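Here's the letter readout for the chains.
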Amino acid sequence: MGEADGGSGVKVLRGLLFMLGLAGLAWGGKQLLGLGFDNLTITGVWLAAGVLAHDAVLAPLVLVMALIAVRVVPVWLRGPLAAGLVVLGSVTLLAVPVLGRFGARADNPTLLDRDYVGGWLVLAAITLAGVAVASLISWHRHRSVLR
Amino acid sequence: MRSPLSLIPHPDSFTSRLRGPEIASRVGLWLGISFLLAFVTGLISHAAQDMPGWLTFPTRPVSFYRITQGVHVISGTAAVPLLLVKLWSVFPKLFDRFTFGDVRRLALQLAERLSIALLVSAAIFQLVTGLANSAQWYPWSFSFRSTHYAVAWIAIGALIVHIAVKLPGIRRALSGPLDDDLARTSEQGPSRRGFLRTTWVATGVAVLTTAGATVPWLRQVSIFGVRSGDGPAGIPINVSAVAARVIPAATNPAYALEVRNGGKQVTLTRADLEAMEQTTAELPIACVEGWSASGEWRGVRVRDLLALVDAAEDADVEVTSLQMQGAFRQTTLPANFAQDPLTLLALELNGEGLSLDHGHPCRLIAPNRPGVLQTKWVKRMEVLA
């Protein structure tokens, strides 16, 4: 590492951060081991499943969608469409627990007490409207560049 | 004939200009901030529930826990779009080839891969389990609270190691230009600037559509909030009287509260409690799941009840509920909470008699205390020696 990396001060900082991070890892590992073998096994399965769900399912899916989009979607529409999908896709994913109402209980009407699917449709409609407006602007700009 | 290995993509197979350190460092910065916020507020929540002996959790500010736990869930929610974009921006690195010739380099590469695997798996784990917990969904058999706590240390540890390893690259990317504008024409599709803006919008939408469960003025727009904020006397409930199976005991006309200090004991019926001096306090009920609501509680000061049995001012108090099971059937009220003038054994909420679901005949409500420790259906208060 030379001057470009910030010299010795940065080196010391990196060393300290590295040790601090290792300490955190060790403490977390100790806590996890302390919860017993059964707890550890299931936690391990969930930890691995999360990475697999992303790396082997979601990421390839997004990749395939992008490959298709590059072939069939005109250039001026790609940006707005991608933006709409990033917003709606990520928010839909984090809303899965409420959309599915998996934790709902008949004895507690104050829990998960909204019309989540209706809310999602409103969000989808707003996103679609946003994509439409952005596409129009993008299309105009594209045409004026070509001319 | 091509070998099956050649089907595995190479980092160079990914051609989008949007992927790379320019996006990864900028989104990563905010992702790191959101994880740090969630970690620190998580530690506060852990301390509030399981006070280590050397620490006294303060009773002021009254809404401190409401705010920290709100920040905890909001920052975790904001991290979802940030993490997704971050992972997308660095996904090609997953296909980096190992250098098998050089043992030292190979060992370093393996160590870095391991730390990244820990970081990504712990980060996804924390967000998935946290979000599910906020919606009271438990599709697993590990203990949520202690496991979420342990993995939090792994996530933050791996994150700090990652920052230490990448610091020069992060500095370079953050101080460098976002878009290489000269090479860009409208033929190339979306710009990095636009993509970054999209990420902030997604993060903002994630927050606005959920935070209303704890931020009252966002209630109307929080279409994915776990609570609308409605409930008996205008306050949601976490565990119902049915779920706690306390209805027979809580509606028994022979109910009486026991207050005990060693051999000294008084028994108070609901009428006795109503005859004592009543105090009104505006206090939040702030749940560990992240929702919260403020209510006007009215009832007897706990310290007045403790004075009936000559409790020492520095004595902790064990509060026991009528419910027969549940991890929080019995809680310890530290001395500073027990003696606080705002700590009540509430009989009324927002001008109505306490409903069964809110803890009738009487419940504990103290300032700056997690909801799970605000014991409902109180049966006994015992001064601890």
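### Topic: a nonpolar patch on the surface
All names here are of chain B.
So, step 1. On the surface, Leu29, Trp30, Ile33, Leu37, Leu174 and Trp200 cluster together to form a nonpolar patch covering roughly 520 Å² of accessible area.
So, step 2. Ranked by residues supplied to the nonpolar patch, first place goes to helix α1 (residues 21-49) with 4 residues.
So, step 3. Secondary-structure assignment places Leu37 in helix α1.

### A look at the interface of chain A and chain B
So, step 1. Contacts between chain A and chain B engage 64 residues on the former and 77 residues on the latter.
So, step 2. Summed over both sides, the interface of chain A with chain B buries roughly 5700 Å², with 74% coming from carbon and sulfur.
So, step 3. Contact with chain B buries surface across chain A, with Trp46, Leu94 and Arg114 of chain A losing the most and accounting together for 12% of the total.
So, step 4. Here chain A and chain B share 0 salt bridges between them.
So, step 5. Taken together, the elements giving at least two residues each to the side of chain A that touches chain B come down to α1 (7-33), α2 (37-72), α3 (75-94), α4 (96-99) and α5 (116-146) of chain A.
So, step 6. Here the side of chain A that touches chain B gets 15 residues from one element, more than from any other, and that element is α1 of chain A.

### Some words on the domain arrangement of chain B
Residues and elements named next belong to chain B.
So, step 1. One can read the domain layout of chain B as domain 1 (4-218) and domain 2 (234-383).
So, step 2. Distance from the C-alpha centre of domain 1 to the C-alpha centre of domain 2: 40 Å.
So, step 3. Between domain 1 and domain 2, the residue contacts involve 24 residues of the former and 24 residues of the latter.
So, step 4. The junction of domain 1 with domain 2 conceals about 1800 Å² of combined surface from both sides, 53% of it contributed by carbon and sulfur atoms.
So, step 5. If you sort the residues of domain 1 by the area they bury against domain 2, Thr59, Val62 and Arg66 come out on top, with a joint share of 30%.
So, step 6. Inspection of the region where domain 1 meets domain 2 yields 1 salt bridge.
So, step 7. At 6 residues, helix α2 (residues 64-90) tops the list of elements feeding residues into the side of domain 1 that touches domain 2.
So, step 8. When its residues are assigned to classes, the side of domain 1 that touches domain 2 shows 10 nonpolar, 11 polar and 3 charged.

### A look at the pattern of salt bridges
A pair can form between side chains of opposite charge whenever their charged atoms are brought close.
Residue and element names in this part refer to chain B.
So, step 1. According to the stated counting rule, one finds 11 salt bridges over all chains in the structure shown.
So, step 2. Close ionic contact of Asp50 with Arg145 constitutes a salt bridge, the shortest N to O distance being 3.0 Å. Residue Asp50 is found in the loop between α1 and α2, and its partner Arg145 is found in helix α4 (residues 144-175); the two are separated by 95 residues along the sequence.
So, step 3. Residue classification places Asp50 among the partly exposed residues on the basis of a relative accessible area of 48%.
So, step 4. In this structure, the salt-bridge partner of Arg260 is Glu258, at a minimum N-O distance of 3.4 Å.
So, step 5. Through salt bridges with shared partners, a single network forms among Glu258, Arg260, Arg380 and Glu382.

### Considerations on the packing of aromatic side chains
Aromatic rings considered in pairs are described by the distance between their centres and by the relative angle of their planes.
So, step 1. Taken as a whole and assessed by the stated rule, the structure comprises 17 aromatic pairs over all chains.
So, step 2. Between Trp46 of chain A and Phe142 of chain B, the ring centres sit 6.1 Å apart and the planes meet at 85°, which makes this aromatic pair edge-to-face. One end of the pair, Trp46 of chain A, is in helix α2; the other, Phe142 of chain B, is in the loop between α3 (103-134) and α4, on a second chain.
So, step 3. Here Phe142 of chain B falls in the buried class, since its relative accessible area comes to 5%.
So, step 4. A ring pair is formed by Phe39 of chain B and Trp153 of chain B, whose centres lie 5.0 Å apart and whose planes are at 90°; its orientation type is edge-to-face. Of the two residues, Phe39 of chain B sits in helix α1 while Trp153 of chain B sits in helix α4, which places them 114 residues apart along the sequence.

Cut-offs used in this document
Residues numbered from 1 in each chain as written. Chains lettered and ligands numbered in written order. Predicted model: local features only at pLDDT ≥ 70, side-chain atom pairs only at ≥ 80, totals over all residues. Heavy atoms only, no water. Patch = residues over 30% accessible without salt bridge, like charges linked within 9 Å, V, L, I, M, F, W, Y side chains within 5 Å. Areas by Shrake-Rupley, 256 points an atom, 1.4 Å probe, with all protein chains shown as cover. Salt bridge = Lys/Arg side-chain N within 4 Å of Asp/Glu carboxyl O. Helix = DSSP H or I, 4+ residues; strand = E, 2+ residues; numbered from the N terminus. Contact = heavy atoms within 4.5 Å. Buried area = accessible area lost by both parts, 1.4 Å probe. Domains from an automatic or database assignment. Nonpolar A, V, L, I, M, F, W, Y, C, P; charged D, E, K, R; others polar. Buried < 20%, exposed > 50% of the residue type's maximum accessible area, 1.4 Å probe, protein only. Phe/Tyr/Trp six-rings, centres within 6.5 Å; stacked < 30°, edge-to-face > 60°.

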